[in-house]
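Residue-level listing of the chains:
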Amino acid sequence: MPPDLAGAHVALVLCHGATQKGMRHELIRHLARTLSTRWPVLTFDLPGFGRAPRLVMRKPDDYLYYTHALSAARKAEELTGLKVVMVGHSMGGRVSLQAAARDGGSTIRGVVTIAGLYDFPRRPEDMMRLVEDFASFVRVRLELPAEEVARYVALGRVMEEAVKAINVPLLAIEAGREHYQFIRDTRYKLFREARCPKMLVLLGKADHKFKDHHEVVSSVIRSWLEHQFALHG
């Protein structure tokens, strides 16, 4: 909590990427420390990461994690009485987008993605490789065939549909030296698909982890929040 809630029009929920550090990741810790001087901030570990229990996948969309992000957003609203802006890095960005698409503006009033605006492969066999890699890296128990997850995500175009469904403001912060080819190949197309108020900021010298650029990321987010929500409520 910041010292004074009077000027805070929203609360923030920070969603980490695919790192076993979870919410202890350096970028998330920096954002929590700097942004919480002005806005209430909630961070959490997604199942299978950090200190959270493992993820149990019983249905294909468990892979998308949106139920956990929505629960965190609603908890932040309950604790503060404020609507929520989701802020997600890498995988946390696409998780935040999925949550906002399903929330419909009820609790989530904005989304910030940090190298998190990207699409999944459209071919199930390509998506299958991602699912297998996910299952080898994350603490997860699959209670359904991995092939079913891959088909659901690839053929359902889940990221494109989520971005089209978002009706709240979107800030996408992207790295000019992004080293993931699939992000470079899909981020601009996905941004164009968004029908909501949107802004894309490209930090030319930053890489995917935004090492040595944490303060710049924090500054961009602060400026956007102040303009978007202090002026418009």
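Think of each chain on its own: its residues are numbered from 1, step by step along the sequence as written. Only residues with pLDDT of at least 70 get local features here, since the model is predicted, and only at 80 or more are side-chain atom pairs given and counted; chain-wide, interface and lining totals rely on the full set of residues. The basis for every side-chain value is the complete set of non-hydrogen atoms in the structure, without hydrogens or water.

Draft legend 1. Representation of the overall build of the chain within the structure. By definition, any uninterrupted DSSP run of H or I lasting at least four residues is a helix, any uninterrupted run of E lasting at least two residues is a strand, and each is numbered from the N terminus. Of regular secondary structure, the chain possesses eight helices and eight strands. In this setup the radius of gyration rests on C-alpha atoms only. A globule is expected at 2.2 Å times the number of residues raised to 0.38. In summary, the chain has a C-alpha radius of gyration of 17 Å against a globular reference of 17 Å for 233 residues, a match within 12%. Overall size of the chain, expressed as C-alpha extent along the three principal axes, is 50 × 35 × 30 Å. Between two residues, a contact is recorded if the distance between any of their heavy atoms is within 4.5 Å. For the chain, long-range pairs separated by at least 24 residues make up 80% of all intrachain contacts whose partners lie at least 6 apart in sequence. The protein chains shown are the only cover counted for residues, whose accessible areas, like all others here, come from Shrake-Rupley with a 1.4 Å probe. Looking at the chain as shown, the accessible area adds up to about 10300 Å², and 51% of this sits on carbon and sulfur atoms. Of the charged side chains in the chain, 34 are positive and 26 negative; the average position of the first set lies 2 Å away from that of the second. Charge assignment in this entry is limited to Lys and Arg as positive and Asp and Glu as negative, and neither His nor the chain termini are counted. The location of each charge is read from NZ of Lys, CZ of Arg, CG of Asp or CD of Glu.

Draft legend 2. The pattern of salt bridges, seen in detail. Salt-bridge detection follows one rule: a side-chain nitrogen of Lys or Arg within 4 Å of a carboxyl oxygen of Asp or Glu. Per the counting criterion, the structure on display carries 17 salt bridges. The closest approach of N and O atoms between K83 and E77, which form a salt bridge, is 2.6 Å. Taking the relative accessible area as the measure of exposure, K83 reaches 26% and is therefore partly exposed. Linking R222 and E215 is a salt bridge whose minimum nitrogen-to-oxygen distance equals 3.0 Å. Partly exposed describes any residue whose relative accessible area lies between the buried limit of under 20% and the exposed limit of over 50%, with all areas from a 1.4 Å probe on protein chains only and scaled to the type maximum.

Draft legend 3. Geometry of helix α3 (residues 91-103). Here the expected span of a helix is defined as 1.5 Å times the quantity of residues minus one. Over its 13 residues, α3 runs 18 Å from end to end, which matches the ideal 18 Å to within 8%, given 1.5 Å per residue. M91, G92, G93, R94, V95, S96, L97, Q98, A99, A100, A101 and D103 are the residues of α3 that are buried. On its buried side, α3 packs onto β1 (10-15), α2 (66-80), β4 (83-89), β5 (108-114), α6 (158-165) and β7 (170-175). The positive-phi residue at the C-terminal boundary of α3 is G104, with phi of around 70°.

Draft legend 4. Here's a closer look at the packing of aromatic side chains. Within 6.5 Å between ring centres, the rings of Phe, Tyr and Trp (the latter by its six-membered ring) count as paired, and their orientation is classed by plane angle as stacked under 30 degrees, edge-to-face over 60, tilted in between. Within this structure, the stated rule accounts for nine aromatic pairs. For the ring pair Y118 and F120, a centre distance of 6.2 Å and an interplane angle of 90° mean the geometry is edge-to-face. When the centroid spacing of 5.8 Å and the interplanar angle of 80° are considered together, the rings of W224 and F229 count as edge-to-face. We classify W224 as buried; its relative accessible area is 5%.

Draft legend 5. Looking closely at the pairing of β4. Burial of β4 is extensive: six of the seven residues sit out of reach of the surface. Inspection of the sheet shows β1 paired to β4 by six bridges, in the parallel sense. Looking at β4, one finds that L12 is bridged to V85. Pairing between two strands is assigned when DSSP locates at least 2 bridges connecting them. Two strands pair when backbone bridges link them, and β4 and β5 are joined in this way by six bridges, in the parallel orientation. Within β5, the position partnered with G88 by the bridge is T113.

The values are spatial; any link to function lies outside them.
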